[in-house]
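What the coordinates show
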Amino acid sequence: MAAVQWHSRVRNYEAELQGCRLESVPVEFGDYHPLKPITVTESKSRRGGRKGSTSSSSSSSSSAAPDPLSSMLDGTDPLSMFAAASVGEAPAAPHGAGSGEAGRKRKEKEEEAGVGLDFEPWSAKRGEILARFTTTEKLSINLFMGSDKGKAPSPGSAVSEKVRTRLEELDDLEEGSQREMLNLSQQDYVNRIEELNQSLKEAWASDQKVKALKIVIQCSKLLSDTAVIQFYPSKFVLITDILDTFGRLVYDRIWSMCSDSRLLPDSFSADDVNDTAKETCLNWFFKIASIRELIPRLYVEAAILKCNRFLSKTGIQETLPRLTAMIRGIGDPLVAVYARAYLCRVGMEVAPHLKDSLNKNFFDLLGSFRQIHGDSVQNQLVLQRVEIPVYLTLYSPAIHWILQCVSYKAPEALLTEMMERCKQIGNNALLLNSVMWAFRAEFVAARATDFIGMIKDCDEAGFPKSGLCRPPESERLSILNEAWKVITKVRSPQDYINCAEIWVEFTCRHFTKREVNTVLSDIIKHMTPDRAFEEAYPQLQSVIRKVLTYFHDFSVLFSMERFLPFLDMFQKDSVRVEVCRSIMEVFIKYQQEPTRDPVILNALLHVCKTMHDSVNALTLDDEKRSLALLINGFIRMVSFGRDFEQQLSFCVEARATFCNLEPVMVQLIHTVNQLAMETRRVMRGSHSRKTAAFVRACAAYSFITIPSLTSIFSRLNLYLLSGQVALANQCLSQADAFLKAAVSVLPEVPRSISVEGKLRSSEGFLLDFINNFLSTLLVVPDHPEQGVLYLVRGLLNMVQDYTWEENSDAKVRVYISALPILAAMSQESYLYCIPKVDSNETLYGGDPKFVAEINKLCETLIGQVLDHLKTLGRDEGVRRQGSLAFSLFGCLLAHGDLRNNKLNQLAVNLWNLSHKHGYCDTRTSVRTLEYIKHQGLQPNMSHISEMAQRLSLQSRA
């Protein structure tokens, strides 16, 4: 190709903008509106299955489009309707629905008897129990090792052989080989239980029903073991998960056998169940009745309690009292209370209306509660080195659940009876606490004074945690004073903080910072001696959370004299950081307006510094990001209004404080740049020298801070941003320094960078940055002591010397991207400018020598691109060659003066080259050619029209 002579096309940007605007056309809508319902015509046809039948069709119109989901709201099953239609039947009524008025009344009655959304389900408590009751001691577990007897018989086995085999297996239920696994960690124990749950499901799926029953029996036996007593509540949760699974499997199996033609509705009765299902159900109960040990027999029968529905209408009503009485045979009070909790749980699921059984469980619990102070339990606690307050907390989940079931929709008179029974056994603190927690708030509030009297009579050990009592406003202060008189006399720090933790919520909810500050002071007084706070971090954290729940105004929070000293009790690093994190999360969530309050700023700077100082070489990147997000949220909420110097001083202090978290440093640089722009906007026309000095100080801050960043692209982007800000504030020397610094950093860009933990090529990021940089250079005036376009030349020289990836076209794409900006620089009037900044259009005033320098640089770049295209032709890179040729063609079309014959011919040659091998996108080519032809019709565009005639579309052979 001959040497290129570049001439930029003369542009009139305003005229081009007007020409690109859409033409407004008046529209007469009439009755039409895009949101108006559409009339839909629905055609239905039915074809007969017999010869000679005729087809009929009907059409119906509606004023609105049919909703495909609306048919689901009435409960109809489309598959059932299809099946019914296929045999000529009418669609069945919705599953479980009654007929007429009787069905509606029956449904209402069932809803009244059932459990509503206001009843907190067991699933909501499960996770809390597992998280709270943990242990570091070693655990043991007895795993049943099943024999080959448990395998499913072969399909060819005789029925009598199958029955005999299963009877032998039942005899062996509790005598099979067992293996005791010792020295298990808590996690190992949990894993073994989960494996048993999975084994149960697999055994059931492979028709090994007896093996499944063996697994459930062995798991139930574990509930009689209290060797590691602190873990018992969590063990109960894990084992009852297996029991629940077993109960569902048995129930679903019998339910599927109940009817031959169709499934039973949810409201079925025993009369709807066929004999086969009843026989199978009885067989399961007989198997369970043969279990010799009380605890597994009780738990397994409770697990399938719902199956009594298949046998008789009153089966559940008769079984619940019997199982309740069976629990009296359990000697360990802790094991017994959890057995009652499980029975109440299944009872609420299958028959919540049977309140007598629930009440009986609780009253039996009261009768056996004195066993806690018996010799058997006391000896066990001494052996395991467990204190009574700790032991009593193990009862809380079970008693809370039993009382939640008892108190659900219970009359107010029942609370009176409960209080009398608590008095009879000496106002046991644990029971009193649970009663106050379970019953409705208004019931408890009406008896607030009575409860305070009962609290006074309670033993010091295990003082009640009365957190949910809401007394009348007139009684609140007296209640708090009376309660705190008792609390502050508690000698044991652990007992004291257990009580204070709950009453803090009462104080925060109903009183002001004065009372809360007094409570915090009292806690510090009790927990500081002998560093007792080190054993009470969970309770102290709970106190902080409750204070933060009710105090969202941080000016009020930090004005409490004892709040920061309270934080000083968190001496353990991990706990202290977690507390600081919770404080910052609340601040970011609830702080609506920026603040300059020195009390808040100093306190939160201390909190954020605590989080920052926890970062070390071992800190995970996710943890660093999480902490940086919280600190950045704080920085964004700091504003000194028009006191810009104070704002900059804060950023200087923050830079020194948070230097180890790069995202925070980046945020500070952004904040300072915003500060510089806000200063120029607010102080426009006044104190210009002072404003300029401040902006230069902001620029100096950024220039000093950016090199400390490790991320190469963070540095590049911030250099560019800071340069743009300096330019916008007419600080030309500072802008020049930032842009030159960016160019000097470019050679340091590695070929690959880490993005979200994965290595990715840096080329795409680098090209994006260079394009952004080039667009900025349009408005940057040349330095009087440097050559013409010295920044553009410096950038292109860096691109030339940079070590690009092998077989990469990135360098050539930069050259192509530079052509439009160079063409824009040669215009008499630039596309955009910065107010009060004289760009090169003013400095050079369209000087022919300046334009000649631009044209010469463009010719050099085009020559480099053409040389690269020739190389691609030799190296079989024809697809890349076509793409680059088409990009350069588009650049010439948009920015070159195609009246120049050589440039016009070059454009035609590039078009042909891009289509030579058929890799160019046909749709793009067609649209481009249409655009060229359209442009050729414009005035003074005959050269474009002539060029269009020489462009042809080619496809790959």
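For the structure, see preceding data.
What counts, and at which threshold
- Residues numbered from 1 in each chain as written.
- Predicted model: local features only at pLDDT ≥ 70, side-chain atom pairs only at ≥ 80, totals over all residues.
- Heavy atoms only, no water.
- Helix = DSSP H or I, 4+ residues; strand = E, 2+ residues; numbered from the N terminus.
- Buried < 20%, exposed > 50% of the residue type's maximum accessible area, 1.4 Å probe, protein only.
- Contact = heavy atoms within 4.5 Å.
- Areas by Shrake-Rupley, 256 points an atom, 1.4 Å probe, with all protein chains shown as cover.
- Pairing = 2+ DSSP bridges.
- Salt bridge = Lys/Arg side-chain N within 4 Å of Asp/Glu carboxyl O.
- Phe/Tyr/Trp six-rings, centres within 6.5 Å; stacked < 30°, edge-to-face > 60°.
- Lys NZ or Arg CZ within 6 Å of the ring centre and 35° of its normal.

A word on the overall build of the protein chain
Across its full length, the protein chain holds 43 helices and six strands. Per-residue burial over the protein chain gives 47% buried out of 957 residues. Relative to all contacts within the protein chain whose residues are 6 or more apart in sequence, the contacts with residues 24 or more apart total 73%. Accessible area of the protein chain: about 50,200 Å², with a carbon and sulfur share of 51%.

Side note on the pairing of strand E5 (residues 752–755)
Direction of pairing for E5 relative to strand E6 (residues 758–761): antiparallel, over a ladder of four bridges. By the bridge assignment for E6, Ile753 is matched with Arg760. Between E5 and E6, which pair antiparallel in sequence order, lie two residues; one of them, Glu756, sits at a positive phi of approximately 55 degrees.

Quick word on the pattern of salt bridges
Considering all chains together, one arrives at 29 salt bridges under this definition. With its nearest N and O atoms 2.6 Å apart, the salt bridge here joins Asp241 to Arg126. One end of the pair, Asp241, is in helix H8 (residues 232–256); the other, Arg126, is in helix H4 (residues 122–132), with 115 residues separating them in the sequence. A relative accessible area of 18% places Asp241 in the buried class. Owing to a relative accessible area of 28%, Arg126 belongs among the partly exposed residues under this scheme. In this structure, Arg328 engages Asp364 in a salt bridge whose closest nitrogen and oxygen atoms are separated by 3.1 Å. With a gap of 36 residues between them, Arg328 in the loop between helix H11 (315–326) and helix H12 (333–350) and Asp364 in helix H13 (residues 355–368) connect regions that are remote in the sequence.

Looking at the packing of aromatic side chains
Counting across every chain of the model gives 36 aromatic pairs. A centroid spacing of 5.2 Å and a plane angle of 80 degrees characterise the contact between Tyr391 and Tyr395, whose relative ring orientation is edge-to-face. An identical accessibility class is assigned to Tyr391 and Tyr395; each is buried. For the ring pair Trp503 and Phe506, a centre distance of 5.1 Å and an interplane angle of 70 degrees mean the geometry is edge-to-face. You can see Trp503 and its partner Phe506 sitting in helix H22 (residues 493–510), three residues apart, about one turn around the helix. Residue classification places Trp503 among the buried residues on the basis of a relative accessible area of 2%. We classify Phe506 as buried; its relative accessible area is 2%. Every member of this aromatic cluster is reached through a ring pair, and the members are Phe119, Trp122, Tyr232, Phe236, Tyr299, Tyr338, Tyr342, Trp401 and Tyr408. The ring of Trp204 has Lys209 sitting right over it, with the charged end atom 4.9 Å from the ring centre. Across the ring face of Tyr251, the terminal group of Lys306 is positioned such that the distance to the ring centre comes to 4.5 Å.

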